[in-house]
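# A look at the structure
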Amino acid sequence: MDASRLAGDTIAIQTRTANGGYEESKKHCSDAPFHLPVVYQDDHFAIVNKPEGVVVFGHKNGGYGRNTVKSALPYVLDPPKLGTMSVLWNPMPVHRIDKATSGLLVVAKTKPAMVHLSHQFRERKVKKTCKYHWYTFCKCVVVVFHRANCAPWKDTAIVNGIPPEPKESSITSAAAKHLGVCIGTANDTGDVGPMWQLIDKDLEGQSAVTIWRVLGNSTLENAMNETITMVELKPKTGRFHQLRRHMAWICNCPIIGDKTYDGAGPAKQLREEGLFLCSNKVTLEHPFHSATEWKSKITSRGDSNLNTNGRVSIEENGGTLLVDVEIDLPQKFDRMMRENMTMS
């Protein structure tokens, strides 16, 4: 070993000289194993719209074959341009989404992007939103907006029943922010924002915190009280099946189509169209670009307007480049809530 080398010295720089696993995958089969829409991508990372019923990763001992998101990525994503540093042999998902859940999945194309994006998820810096419906099941929408120290994801779902909203578990938007849950900004009227319900219930001995609010109701035969409810959910923590278990076990309003937690019985009649949970919005820091001058170098499959794959906007916030991606909910959500819906 060269004694003149010091900690932190650059020994070599790895750059891509070929298309790696992107080309290797296509040698065996030219087509992706299933339809996987690309909502955003550049040389460093991508965001795809995972369909329900597909796993992100396969089992170590086999299973699922090519029918995983990880296997499909080289077919639908463009390889980074030549000269891009530390390119992964194959694009790699940064997080997981349940098999039964649809929605946005973040994918790294380079090693630095994988490290940076994984850190954002660990530190809850990614905003995420999920939505659910309550048919006397409840519809839950989970939104986690991306700001410092919180996660920017939004999930939407439909749940069975009318979730209780006790005064003692009600909190303001300001209190939710104080907890470290990203709930966005105040509304256009200048009010402090909507009231939320707080669930603070450990799962497997680990802290699990979710806030949620009702967005609307609709009627449905075979649902509890013949009612379903749209709810927005925001998790502070990310425990296994946290949203599904909190809504089913604490609110007694499981997500429609949740075979694991819906309690069977009459709920089985509402399983026909699968799980009503979708991760439909994400905001995150770009893992490579951080200055305004880099904006022109970022390209996406989607554009700033509504298209078949989604909506993408890019803006600078305090020197950080934020990428905001949103998709429409699957059509089954609209079919479920279309009739007799009452908005909150």
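Note: the structure precedes this text.
It should be emphasised that the depicted structure is a prediction, and the values quoted were computed from it without experimental measurement.

Attention shifts here to the overall build of the protein chain. The helix and strand tally for the protein chain stands at six helices and 16 strands. A total of 344 residues make up the protein chain; the buried ones form 51% of that total. Here the analysis covers contacts within the protein chain between residues at least 6 apart in sequence; of these, 69% occur between residues at least 24 apart. Here the protein chain displays about 16,800 Å² of accessible surface, and carbon together with sulfur accounts for 50% of that area.

All right, on to the pattern of salt bridges then. Overall, the coordinates contain twelve salt bridges when judged by the stated rule. One salt bridge connects Lys-234 with Glu-232, and the closest N-O pair in it is separated by 3.2 Å. Classification of Lys-234 by relative accessible area gives buried; the value is 0%. The residue Asp-258 makes a salt bridge to Arg-244 at a minimum N-O spacing of 2.7 Å. Of this pair, Asp-258 sits in the loop between helix 5 (242-250) and strand 13 (277-285) while Arg-244 sits in helix 5, placing them 14 residues apart in sequence. Note on accessibility: Asp-258 and Arg-244 belong to one class, buried.

Before going further, it helps to spend a moment on unusual backbone geometry. One non-glycine residue, Ser-86, lies in positive phi territory at about 55 degrees. Secondary-structure assignment places Ser-86 in the loop between helix 2 (69-76) and strand 3 (87-93). For Ser-86, a relative accessible area of 18% corresponds to the buried category.

Attention now goes to the packing of aromatic side chains. For the structure on display, the rule yields three aromatic pairs. Here the aromatic rings of Trp-249 and Tyr-261 are separated by 5.6 Å at their centres, their planes lie at 85 degrees, and the arrangement is edge-to-face. Of this pair, Trp-249 sits in helix 5 while Tyr-261 is found in the loop between helix 5 and strand 13, placing the two residues twelve residues apart along the sequence. In this structure Tyr-261 comes out as buried when scored by relative accessible area, which is 14%. The lysine or arginine in question, Lys-332, covers the ring of Phe-276, its NZ or CZ lying 4.5 Å from the ring centre.

With that settled, consider the environment of Thr-84. Note on placement: Thr-84 falls in the loop between helix 2 and strand 3. In this structure, the C-alpha to C-alpha distance between Thr-84 and Lys-109, residues 25 residues apart in sequence, is 9.9 Å. Among the polar contacts made by the side chain of Thr-84, one reaches the main-chain carbonyl oxygen of Lys-81 at a distance of 2.8 Å.

Here the focus is helix 3 (residues 111-122). Given a rise of 1.5 Å per residue, twelve residues ought to cover 16 Å, and the 16 Å separating the end C-alpha atoms of helix 3 matches this to within 8%. Where helix 3 is concerned, the buried positions are Ala-113, Met-114, Leu-117, Ser-118, Gln-120 and Phe-121. Buried residues of helix 3, viewed axially, fall in a sector of 155 degrees; they line one side. In helix 3, the exposed positions angled more than 90 degrees off the buried face are occupied by Val-115 and Arg-122. With a side-chain oxygen lying 3.2 Å from the backbone nitrogen of Ala-113, the N-terminal cap of helix 3 falls on Thr-110.

Rules used throughout
By convention here, each chain's residues receive numbers from 1 onward along its written sequence. Reporting in this predicted model follows two pLDDT cut-offs: at least 70 for local features of residues, and 80 or more for side-chain atom pairs to be given and counted; totals over whole chains, interfaces and linings ignore these cut-offs and use all residues. The basis for every side-chain value is the complete set of non-hydrogen atoms in the structure, without hydrogens or water. Numbering of helices and strands runs from the N terminus, with a helix taken as a DSSP run of H or I at least four residues long and a strand as a DSSP run of E at least two residues long. Only protein chains enter the accessibility calculation, which uses a 1.4 Å probe; a residue whose area is less than 20% of its type maximum is buried, one above 50% is exposed, and one in between is partly exposed. In what follows, residue pairs with any heavy atoms lying within 4.5 Å of each other are defined as contacts. Each accessible area is a Shrake-Rupley result for a 1.4 Å probe, and residues are judged covered by the shown protein chains and nothing else. By convention in these notes, a salt bridge is any Lys or Arg side-chain nitrogen within 4 Å of a carboxyl oxygen on Asp or Glu. Any Phe, Tyr or Trp ring, taking Trp's six-membered ring, that has another such ring centre within 6.5 Å forms a pair; planes under 30 degrees apart are called stacked, those over 60 apart edge-to-face, and the others tilted. Look at NZ for Lys and CZ for Arg. If either is within 6 Å of the ring centre and within 35 degrees of the ring normal, a charge sits over the ring. Any N or O atom pair separated by 3.5 Å or less is treated as a polar contact, with the protein-specific requirement of one donor-capable and one acceptor-capable atom, and with residues adjacent in sequence counted only for side-chain atom pairs. Expected helix span is given by 1.5 Å per residue-to-residue step, counting one fewer step than there are residues. What the arc measures is the spread of directions leading from the helix axis to the C-beta atoms.

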